[in-house]
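# Report on the structure
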Amino acid sequence: MRISESCAKCLYDRQKEKTDNEEYLAEVKRIIDERGENDTSPYLVYLFNKTHERMFGSSADYKEIKKQYNDLVLGMESKLRAEIEDSKNPLAKSLVAARIGNYIDFGAMNHVDQNEFLSLFDDIDMTSDGDILTYESFIKECTQAKRFLLITDNCGEIVLDKLMLEQLKKRFPHLDIKVMVRGKDVLNDATLEDAEYSGINEIAEIISNGEAIAGTVYDMLPEDAKKAFDEADVILAKGQGNYESMYGQGFHAFYEFLCKCELFTSRFEVPRLTGIFIEDK
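Description of the structure in this document.

Rules used in this analysis
Residues numbered from 1 in each chain as written. Predicted model: local features only at pLDDT ≥ 70, side-chain atom pairs only at ≥ 80, totals over all residues. Heavy atoms only, no water. Axes fitted to C-alpha atoms, helices over the stretch in contact; angles between N-to-C directions. Helix = DSSP H or I, 4+ residues; strand = E, 2+ residues; numbered from the N terminus. Parallel < 35°, antiparallel > 145°, perpendicular 65-115°, else oblique. Left-handed = near helix turned anticlockwise from the far one by under 90°. Contact = heavy atoms within 4.5 Å. Nonpolar A, V, L, I, M, F, W, Y, C, P; charged D, E, K, R; others polar. Phe/Tyr/Trp six-rings, centres within 6.5 Å; stacked < 30°, edge-to-face > 60°. Buried < 20%, exposed > 50% of the residue type's maximum accessible area, 1.4 Å probe, protein only. Polar contact = N/O pair within 3.5 Å; in protein donor to acceptor, adjacent residues only side chain to side chain. Salt bridge = Lys/Arg side-chain N within 4 Å of Asp/Glu carboxyl O. Core = buried A, V, L, I, M, F, W, Y, C linked by side-chain atoms within 4.5 Å. Pairing = 2+ DSSP bridges. Right-handed = clockwise from strand over helix to strand, strands pointing away.

Remark: helix 1 (residues 5–18) packs on helix 2 (residues 22–33), axes separated minimally by 10 Å, with the N-to-C direction vectors making an angle of 165°. In terms of their interaxial angle, helix 1 and helix 2 are classed as roughly antiparallel. Crossing geometry of helix 1 relative to helix 2 is assigned as right-handed. Residue-level inspection shows Ala 8, Leu 11, Tyr 12, Gln 15, Lys 16 and Lys 18 of helix 1 in contact with helix 2, the latter providing Tyr 24, Leu 25, Val 28, Lys 29 and Ile 32. Of the residues in the contact of helix 1 with helix 2, the class split is seven nonpolar, one polar and three charged.

Here it is, written out as structure tokens:
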């Protein structure tokens, strides 16, 4: 997903909120101005973070925030699982619940409000025509598939991803499921440590994207991750960062996220926090 001028300005402004160091901001501006035609926001932020580490040392530590939201959603797990399993279509309901988890984003959101997050669970039914059409295609692909790859996004959200994978395995027990997480700490994104804390590793094999990047850039993946990516019959990528870095790159994948910034609300012509479930063929 190419970077518009408004997105470039937003990227710069977010870095300016972190520091007023002129040398650092000049380097950020250079990275933005010299970006390649196919460079994406997650990749530029990756370069910003590398520059920030070189100039100032390590970036902000999100360990406590990650644990806070993992624990919050783990505390909701039993109740949500029961609600999902009691529904007419548990897999569809679990996909909506997993998408709500995409709210927990300390990169795209100016402010993460726990009460607003919890309020989104008041309705976890799949009702929109767009969602239903995509879901029908998703079911068809999973029926024919052997290998499934879930590309995760945030902490807290990964617990809801686990509930979704539970339903996926019940519906399609033949599927070999792999889960890709971030290779190193970046914002509040899920890593191997978080995957194990959430328990999702008990359902699927966990692989790493190898880098501290809040997205999925194929050329940056380690060989085992590329292999899993290439061999997957169905790919489900969570979050705006994965959409930005993968969509339109020639991959057949499904994407699921909430629209949390002006770039996405404008692109899809929807209100803030609208859920999107789409397929890129």
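All right, on to the packing of aromatic side chains then. As enumerated under the stated definition, the model contains 22 aromatic pairs in all. Measuring from ring centre to ring centre gives 5.4 Å for Phe 257 and Phe 264, while their planes differ by 75°; the resulting arrangement is edge-to-face. This pair shows no difference in class: Phe 257 is buried, exactly as Phe 264 is. Seen from their ring centres, Phe 264 and Phe 268 are 6.4 Å apart, and the 20° between their planes marks the pair as stacked. Highlighted residues: Phe 264 and Phe 268, both in helix 12 (residues 262–268), separated by four residues, approximately one helical turn. Of the aromatic side chains, those joined through ring pairs into one cluster are Tyr 243, Tyr 247, Tyr 255, Phe 257, Phe 264 and Phe 268.

Locating Lys 226 in the fold gives a position in helix 10 (residues 223–231). The contact partners of Lys 226, leaving out residues within four places of it in the chain, are Tyr 218, Asp 219 and Leu 221.

Before going further, it helps to spend a moment on the environment of Asn 70. Tracing the backbone shows Asn 70 in helix 4 (residues 63–85). Asn 70 sits 101 residues away from Arg 171 along the chain, and the two C-alpha atoms are 26 Å apart. Contact partners of Asn 70, with chain neighbours within four places excluded, come to Cys 155, Gly 156, Ile 158, Val 159, Asp 194 and Tyr 197. Of the polar contacts made by the side chain of Asn 70, one reaches the backbone nitrogen of Gly 156; its length is 2.7 Å.

Another aspect to go through is the pattern of salt bridges. Proximity of charged atoms lets side chains of opposite charge pair with each other. Under the defined criterion, the tally for this structure stands at 25 salt bridges. The shortest N-O distance in the salt bridge between Arg 30 and Glu 27 comes to 2.6 Å. You can see Arg 30 and its partner Glu 27 sitting in helix 2, three residues apart, about one turn around the helix. The salt bridge partner of Glu 231 is Lys 227, with a shortest N-O separation of 2.9 Å. Of the two residues, Glu 231 and Lys 227 both sit in helix 10, four residues apart, roughly one turn of that helix. Overall, the relative accessible area of 49% leaves Lys 227 in the partly exposed class.

In terms of nonpolar packing, the biggest core is built from 52 residues, with Leu 95, Phe 138, Phe 148, Leu 165 and Leu 168 touching the most fellow members. Listed by contribution, the elements that provide at least two residues to this core are helix 4, helix 5 (90–100), helix 7 (129–144), strand 1 (147–151), helix 8 (157–171), strand 2 (176–181), strand 4 (234–238) and strand 5 (253–258). Considering every element that reaches this core, the biggest residue donor is helix 8, with seven residues. Dropping the residues within four chain positions of it, Leu 168 is found in contact with Leu 91, Phe 138, Cys 142, Phe 148, Leu 175 and Ile 177. By size, the runner-up hydrophobic cluster in this structure holds 33 residues, among which are Leu 11, Ile 32, Ile 235 and Phe 257.

The next thing to look at is unusual backbone geometry. Unlike most non-glycine residues, Glu 269 shows phi in positive territory, near 55°. The topology assignment puts Glu 269 in the loop between helix 12 and strand 6 (275–280). The phi angle at Leu 273 is positive, at roughly 70°, despite the residue not being glycine. One can find Leu 273 in the loop between helix 12 and strand 6. Judged by relative accessible area, which is 15%, Leu 273 ranks as buried.

Right, let's talk about the sheet that holds strand 6 for a bit. Spatial ordering of the open sheet is given by 3-2-1-4-5-6, a layout of six strands whose pairing is mixed. Strands at the two margins of the open sheet, each flanked by one partner only, are strand 3 (205–208) and strand 6. Sheet twist, expressed as the average angle between the axes of neighbouring strands with direction ignored, equals 20°. Packing of helix 7 onto the sheet brings it into contact with strand 1, strand 4, strand 5 and strand 6, and relative to strand 6 it is tilted by some 45°.

Two elements, strand 2 and strand 3, share four bridges in a ladder whose sense is parallel. Counted as the bridge partner of Val 179 is Ile 206 from strand 3. One crossover worth recording links strand 2 to the parallel strand 3 by way of helix 9 (residues 192–198), and it is right-handed.

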